[in-house]
Amino acid sequence: MIRVVLPAHLRTLARVGGEVQLHVEGAVTQRSVLDALEARYPMLKGTVRDHVTQKRRPFLRFFACEQDLSHDPPDAPLPDAVAMGAEPFLIVGALAGG
Amino acid sequence: MSGVRILVGTRKGAFVLTSDGKRERWDVSGPHFAGWEIYHLKGSPADPNRIYASQTSGWFGQIIQRSDDGGKTWFPPGSKPDELATPQGMPKGESNKFVYDTSPKTGKPLTTHQWYDGTQHPWEFKRVWHLEPSLTDPDTVYAGVEDAALFRSTDGGQTWQELPELRGVKGHVWQPGAGGMGLHTIVLDPSLPERIFIAISAAGVFRSDDAGRTWRPVNRGLKSPYALPDPDAEVGHCVHRIAMHPSRPRVLFMQKHWDVMRSDDAGESWQEVSGNLPTDFGFAIDVHAHEPDTIYVVPIKSDSEHYPPEGKLRVYRSRTGGNEWEPLTKGLPQSDCYVNVLRDATAVDSLDSCGVYFGTTGGQVYASANAGDKWAPIVRDLPPVLSVEVQTLP
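Counting from 1, residues in each chain are numbered in the order their sequence is written. For this description, chains carry letters from A and ligands carry numbers from 1, given in the order in which they are written. Two thresholds apply to this predicted model, a pLDDT of at least 70 for residue-level local features and 80 or more for giving and counting side-chain atom pairs, whereas whole-chain, interface and lining totals are computed over all residues.

Colleague: Honestly, the overall build of chain A in this entry has me stumped. Any pointers?
Modeller: Numbered from the N terminus, helices here are DSSP runs of H or I no shorter than four residues, and strands are runs of E no shorter than two. Within chain A, the secondary structure is distributed over three helices and five strands. Ordered by position from N to C terminus, the α and β elements of chain A give β-α-β-α-β-β-α-β. Based on C-alpha atoms, the radius of gyration is set beside the globule rule, defined as 2.2 Å times the residue count to the power 0.38. Here chain A has a C-alpha radius of gyration of 12 Å; the compact-globule value for 98 residues is 13 Å, and the two agree. The principal-axis extents of the C-alpha atoms in chain A amount to approximately 35 × 30 × 25 Å. Here chain A holds 98 residues, and 29% of them are scored as buried. What counts as a contact is two residues whose backbone-derived C-beta atoms lie within 7 Å of each other. A fraction of 54% describes how many contacts in chain A between residues 6 or more apart in sequence connect residues 24 or more apart. Counting other C-beta atoms within 10 Å of a residue's own tells you its class, since 20 or more makes it buried, 12 or fewer makes it exposed, and anything in between is partly exposed; those C-beta atoms are placed from the backbone.

Below is the structure:
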């Protein structure tokens, strides 16, 4: 199972508590994880990726295994630790304010 | 006994304020959608328990929420609350999918609009500014969005379709106001079901007489020398708000960027009625529920100083449909007040003695149960208020 950590507002929207666990078919990539996330929680469509372009919303970042993966290609494999479920895939809201 | 429900959208959530018909004691519920910007909430005239809300975030984009029980519980349309609580069977929720219609058959190419510096800029969806439920069908609701366009849902907010002809009416010369290029006002004509007025900052007023299939600008008489070099410009005016009394739908009142205006011919022509106002800049304008010639504005000092003149929060009332204005000050701060009242933040109830309400960027919601003669705050310390709507309950 793939573990995903959502920002607080999206946890509220999806009505989930802690981490989300997802079953992902095939290669574990940003795209396949987000596809599985949106299939499981349809109300999150459009909140992480733009409805039309499918690009990451500008104020969100993707982290895993202490790396910033925000600018990696969406079809690049995620780290093995994420694919194995040892580490979560983090969707993080960019900081704003002082 | 009759009552009043006030729907308040703020920078950090929604609040619902309720009272009986005396409007002396208020219950406050909220924040709903805590931490999110709630640009607007509005109830269906055909079913007061049906309320739509626009929930937005710079991080996560647009969400549409709906209540079917008068604001007690909420859900994104297409996803019932009980379905959300179970692992299986969730419907596909597209209630936040606002996609400009560029299809060859029904749409318009997504071209560009004017940017602040006069160059052309791509059209990009940002948020829903205003929701206007149909006067007759609880499942039909219009959404005014930024970048300016009009969408309609006929399934209770589950799916949205743009009315794209509007964007084709000289959209390339529309430009954003200071707050963005939003379609912020939607007025439905109760006497002509296919007539819709909308207003955009900064493009102006547009009217459709065929339920949104075709549109034309109705801005003759507006003057905007600070923004438009052409004194007879057909579009490009920074209209802040328009208001109508349902018994007299050909008469419209407008708070423009500067100037308070009036039309007696459904927008075909406009005349200035600023009269003796201390300043004719402002955002909000509204009409008394029972007196079609009694109107309210909240003058704001200027476009560069968004607060009341002299630090005195004054609502101005005209009982003559404009030109002659009286300040209403009882119960409102008359010194050191530097809040703003935004375009969607005034409303009236329709009880026998008309109630008037407005919210401020300082987080106060003021109420008057006597048409503005005397005011009192219902709440003082909400987040900045973006919108106020009132439902008069049986």
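There is more to say after this.
Colleague: Looking at this structure, I do not really get unusual backbone geometry. What am I missing?
Modeller: Trans peptide bonds make up most of the peptide bonds, and negative phi angles are found at most residues other than glycine. Each neighbour pair has its own omega, and for Gly30(B) with Pro31(B) the value is 5°, a cis peptide bond. In this chain, Ser201(B) is followed by Ala202(B) through a cis amide linkage whose omega measures -5°. Take Ala202(B): it is sitting in the loop between β14 (196-201) and β15 (204-208). With a phi angle near 65°, Gln54(A) is a residue other than glycine that sits in the positive phi range. With respect to the helices and strands, Gln54(A) occurs in the loop between α2 (30-40) and β3 (60-64). Residue classification places Gln54(A) among the exposed residues on the basis of 12 C-beta atoms within 10 Å.

Colleague: Mind showing me how you'd approach the interface of chain B and chain A here?
Modeller: Buried accessible area, meaning the area lost when the parts come together, often serves as the stated size of an interface. Each partner contributes to the interface: chain B provides 21 residues, whereas chain A provides 15 residues. Among the elements that line the side of chain B that touches chain A, the one with the most residues is strand β6 (residues 61-67) of chain B, at three residues. Gly counts as polar in this scheme, as do all residues outside two lists: the nonpolar Ala, Val, Leu, Ile, Met, Phe, Trp, Tyr, Cys and Pro, and the charged Asp, Glu, Lys and Arg. The class makeup of the residues in the side of chain B that touches chain A is 10 nonpolar, eight polar and three charged.

Colleague: Would you mind going over the confidence of the model for chain B with me for this structure?
Modeller: Low-confidence regions, as indicated by low pLDDT, have predicted coordinates that should not be scrutinised in detail. Confidence scores here are pLDDT values: one per residue, from the predictor, ranging 0 to 100. Averaged over chain B, the pLDDT score is 94; the fraction of residues at 70 or greater is 96%. Scored as a whole, the predicted complex attains pTM 0.94, and scored at its interfaces, ipTM 0.87.

Colleague: Which parts of the structure should I look at to understand the nonpolar core?
Modeller: For soluble globular proteins, nonpolar side chains are generally found buried alongside one another. Residues Val8(B), Val145(B), Ile242(B), Tyr357(B) and Val365(B) are the most contacted members of the largest nonpolar core, which totals 129 residues. When sequence neighbours within four positions are dropped, the list of residues in contact with Val365(B) reads Ile6(B), Val8(B), Leu17(B), Tyr357(B), Gly359(B), Pro377(B), Ile378(B), Val379(B), Leu382(B), Val385(B) and Val388(B). Think of a nonpolar core as buried Ala, Val, Leu, Ile, Met, Phe, Trp, Tyr and Cys residues chained together by C-beta atoms that fall within 7 Å.

Colleague: I tried to follow the environment of Ala227(B) on my own but got confused; where do I start?
Modeller: All names here are of chain B. Along the chain, alanine 227 turns up in the loop between β16 (216-217) and β17 (239-244). Considered as a pair, alanine 227 and lysine 330 are 103 residues apart in the sequence and their alpha carbons are 36 Å apart. Every residue in contact with alanine 227, bar those within four places of it in the chain, is listed here: Ala202, Gly236 and Cys238.

Colleague: Help me understand the sheet that holds strand β24 (residues 326-328) of chain B in this model?
Modeller: All names here are of chain B. The four strands lie next to each other as β21-β22-β23-β24, forming an open sheet whose pairing is antiparallel. Where the open sheet ends on each side, the last strands, each with one partner, are β21 (281-287) and β24. Within the sheet, the average angular offset between the axes of one strand and its neighbour, ignoring direction, is 30°. When DSSP locates at least two bridges between a pair of strands, those strands are taken to pair. Axis geometry follows a simple rule: fit a line to the C-alpha atoms, using only the stretch in contact for helices, then measure angles between N-to-C directions, giving values from 0 to 180 degrees.

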